[in-house]
Every structure is written in structure tokens, then in C-alpha cells.
Amino acid sequence: MLFTALFALTAAASALAAPFANYTRCGNAISSDELRAVEAQFAVDSAAALANDESRIPITFPQRRTVHVVWHVIQDTNGEGAISDDGVKQSISAMNKHYSGSTFNFILDKIDRTTNSNWFKSATSGSSLQTAMKKALHTGDAKVLNVYTVGFKSSSLLGYATWPWDYSKNPVDDGVVILYSSIPGGSTPNFNEGKTLTHEVGHWLGVYHVFDDLQRSCDDTDYVADTPAQMTATNGCPTSKDSCPTKPGLDSIHNYMDYSYDPCMNAFTPGQIERMKTQSRTYRGIQGTIWFPSLTLPPPTFPTLITAIHPTLNPVPTPIPGPIPGPVPFP
């Protein structure tokens, strides 16, 4: 029900965003009433998940949250959309850089390829075509990130994602759908550094846009304390922007959850990262595990230590005088 309402609201949000650029950054939008309902339920669900979680580890230990990725390449009959395996791998590498410091680590498990002109051109949020596509291809459980690359020929959309709290209602629908040419090195101007995927995965992990989706209010609509109030989405890459001048702070024009051009985006806030951790633990069962980076140790120096402790011991063998014997013949 929430996703149906979201789809209806998306049209209004897209209408506001589209005039500023040739592309609409994201198809996700949520009303204030839905926000309140979702957050009230989240407070209950997260408390229950925390109480039942016996695998928690102290936050003082380094942690890693591994997300396995299945990538579905959808291409047209003429070959458009057939991004290479290297293009997919570069996307995962770029996303790991964007999420550096968040404890989330994305691992590519599988790439599959499907030629379907209808899916490629017209699979959009809430459509029967995207439902058919996902029913045919979706893999794994709530912990597995399914990524679909399509052409969005019937819209100006760059991407959309499902929310973690909606997984239990429709598991097969879960995942992220992005424009194939928005990957690193793609052909979409200003949106070809892979940050559409980073933005949509942010939604998949439970964070909202940093601005009001209806672009009317300076209220706290992302439920994150360290993102300043922001009424409107950012377009382009301005040097500065303040859509809520009566509230502290400037707009988060460099945040991955705004609508800026890719070169302008470079950060999540600590509050957003904490929300991702809590949301993904509560609704996806993604737990932090103890992790230490690889350590390079110097080679052992035992002979030197022994010599130092016992000067009379000589680790170098004494040569035997006389000729070096040749090989011993077998009888």
C-alpha cells in the first residue's frame, strides 16, 4: 500500500524536478503522513530487533556489513543496454568508495543478462512490466541487493528503489532499478559517475532524501539530526544553496541523497550512516561482523634473537673442509 501511494506521489515530485534538467534523479518520494507512519512503526520494530539480537558486538570493535549483489543487465534487441562485465565491476568498486567509512561493503556475486525490449524501454516503478521483470529475475533474500539496469525510454528517470520496511510485503519486488548509462563512464551527461546507484542503494538501506519530497517544507523530513533543513532538491552543482534561510545550516548540496550532478556529490553524514545500519539490521537482517584490515608483518628474525641471547650460538653452519662430494650412485 505504501509503495502504491509512493508511486502516485512520485509523479508529483518528478514534475517538480524535471524542468531543471533532462533527467529526474530519483523516482522515490514519500508523503508526510507516510513518513510519520513509517517512523512510528520503525521505532517499534527497531526496539524489538535490538532486544532479540543476541549477535550484537561492542561498537568499539571495527565492523563490516557485507552486502551481496546480483546484477541483472536488461538490454534491447538491438544491443542497447548491454553493459560489459567490467562496467558492472567498476560500478561496484565506485559504490564501495562512495560508502567508504560506512562499514558497508558490496560484493558482486553474479551478473545475468536478459534481452527484452519491453522491459528495457518501459519497466518503471509500479508498472506491470517491472513486476514481470522482477518476478522472473529476482534472486536471494532481504540481505541480497538486486540491481536492474534498464533504458527508461518512456521517462526521464535515472533510478528508483524499494524501502527496507516494505520487503516483507513483497519480497520479489525488492531491489534497485537504474538507467544503464548512469554507471561510471556511461553516456548520460552529468550523471555518469555511478552515483545514481549510490543514491538508490541509500534508499534501499533506509535513508530518505535530504529535502522535502514535495519541496514545500523546511520540517525535518529525513529523520536525521545532522542534515540541515532543506526544502528543495538541488539541481546542477551550485557553489552554495540555502532553501531554508531561517533554519541553521546550508543545503546538503554534496550529499549523495540530494539531486545534484554526480561530480558534486561526495558524502553521507554520520547520522545517515547510523540510520542505514539500524534500518538494515531491523528489516534486512544485515549485521555488523568484527573485521580487521589485513596487517603486513615484518619477517621473523629468530636467528638474530638467538645469537643475541646466546652469543656462543652461531646460526651459520661451519664449512666442511675438502672436496664437495658428487652425487651418490644408486646400486
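Each remark here, short or long, concerns the structure printed above.
The structure contained in this document is the topic of the report that follows. Values in this document were obtained by computation on a predicted structure and should not be read as measured data.

Moving on to the overall build of the protein. Along the backbone of the protein there are 8 helices and 6 strands. In the protein, the succession of α and β elements from N to C terminus is α-α-β-α-β-α-α-β-β-β-α-α-β-α. Counting contacts in the protein only where the partners sit at least 6 residues apart, residues at least 24 apart contribute 69% of the total.

The next subject is the state of the cysteines. For the coordinates displayed, the defined rule picks out 2 disulfides. Across the disulfide from C218 sits C244; the S-S distance is 2.0 Å. A torsion of -100° about the S-S bond marks the disulfide between C218 and C244 as left-handed. Linking C218 in the loop between α6 (195-204) and α7 (270-284) with C244 in the loop between α6 and α7, this pair joins segments that are 26 residues apart in sequence. You'll find C218 and C244 in the same group, each marked buried. A disulfide bridge connects C237 with C264, and the sulfur atoms are separated by 2.5 Å. Torsion about the S-S bond of the C237 and C264 cystine: about 85°, corresponding to right-handed handedness. Of this pair, C237 sits in the loop between α6 and α7 while C264 is found in the loop between α6 and α7, placing the two residues 27 residues apart along the sequence.

Now for the pattern of salt bridges. Here the idea is simple: oppositely charged side chains can pair when their charged atoms come close. Tallied over the entire structure, the rule returns 11 salt bridges. Of the charged contacts in the structure, one is a salt bridge between D33 and R36, with a shortest N-O distance of 2.4 Å. Residue D33 and its partner R36 are both found in helix α2 (residues 32-52); the two are separated by 3 residues, about one turn of the helix. A relative accessible area of 51% places D33 in the exposed class. Residue classification places R36 among the partly exposed positions, given a relative accessible area of 48%. Note that K169 is salt-bridged to D166, the shortest N-O span being 2.9 Å. With relative accessibility at 10%, the residue D166 sits in the buried group.

Moving on, we get to the packing of α2 against α7. Running from N to C, α2 and α7 cross one another at 70°; their axes reach a closest spacing of 9 Å. Relative to α7, α2 is oriented roughly perpendicular. Contact with α2, carried on its side by E39, Q41, F42, D45, S46, A49 and L50, involves R275, T278, Q279, R281, T282 and Y283 of α7 and no other residues of that element. Residues of the contact of α2 with α7, tallied by class, amount to 4 nonpolar, 5 polar and 4 charged.

This brings us to the packing of helix α3 (residues 85-98) against α6. Two elements in contact, α3 and α6, have axes whose closest approach is 9 Å; the angle formed by their N-to-C orientations is 60°. Here α3 is positioned oblique relative to α6, judged by the angle of their axes. Considering the relative orientation of α3 and α6, their crossing is right-handed. Note on element contacts: α6 touches α3 through K195, L197, T198 and V201, opposite S91, M95 and H98. Among the residues forming the contact of α3 with α6, the class breakdown is 3 nonpolar, 3 polar and 1 charged.

In this section: the pairing of strand β5 (residues 176-179). The two faces of β5 match: V176 and I178 on one face and V177 and L179 on the other face are all buried. Pairing between strand β3 (residues 145-150) and β5: 4 bridges, direction parallel. Note on β5: the bridge partner recorded for V150 is L179. Pairing of strand β4 (residues 159-161) with β5 involves 3 bridges; the strand directions are antiparallel. What sits directly across from G159, in β5, is I178.

Our next topic: the pairing of strand β2 (residues 104-115). Here 11 bridges tie strand β1 (residues 63-75) to β2, and the two strands are oriented parallel to one another. Directly across from V73, in β2, lies its bridge partner R113. After leaving β1, the chain enters α3 and then returns to the sheet as β2, a path that is right-handed.

About the thresholds
- Residues numbered from 1 in each chain as written.
- Predicted model: local features only at pLDDT ≥ 70, side-chain atom pairs only at ≥ 80, totals over all residues.
- Heavy atoms only, no water.
- Helix = DSSP H or I, 4+ residues; strand = E, 2+ residues; numbered from the N terminus.
- Contact = heavy atoms within 4.5 Å.
- Disulfide = S-S within 2.5 Å.
- Buried < 20%, exposed > 50% of the residue type's maximum accessible area, 1.4 Å probe, protein only.
- Salt bridge = Lys/Arg side-chain N within 4 Å of Asp/Glu carboxyl O.
- Axes fitted to C-alpha atoms, helices over the stretch in contact; angles between N-to-C directions.
- Parallel < 35°, antiparallel > 145°, perpendicular 65-115°, else oblique.
- Nonpolar A, V, L, I, M, F, W, Y, C, P; charged D, E, K, R; others polar.
- Left-handed = near helix turned anticlockwise from the far one by under 90°.
- Pairing = 2+ DSSP bridges.
- Right-handed = clockwise from strand over helix to strand, strands pointing away.

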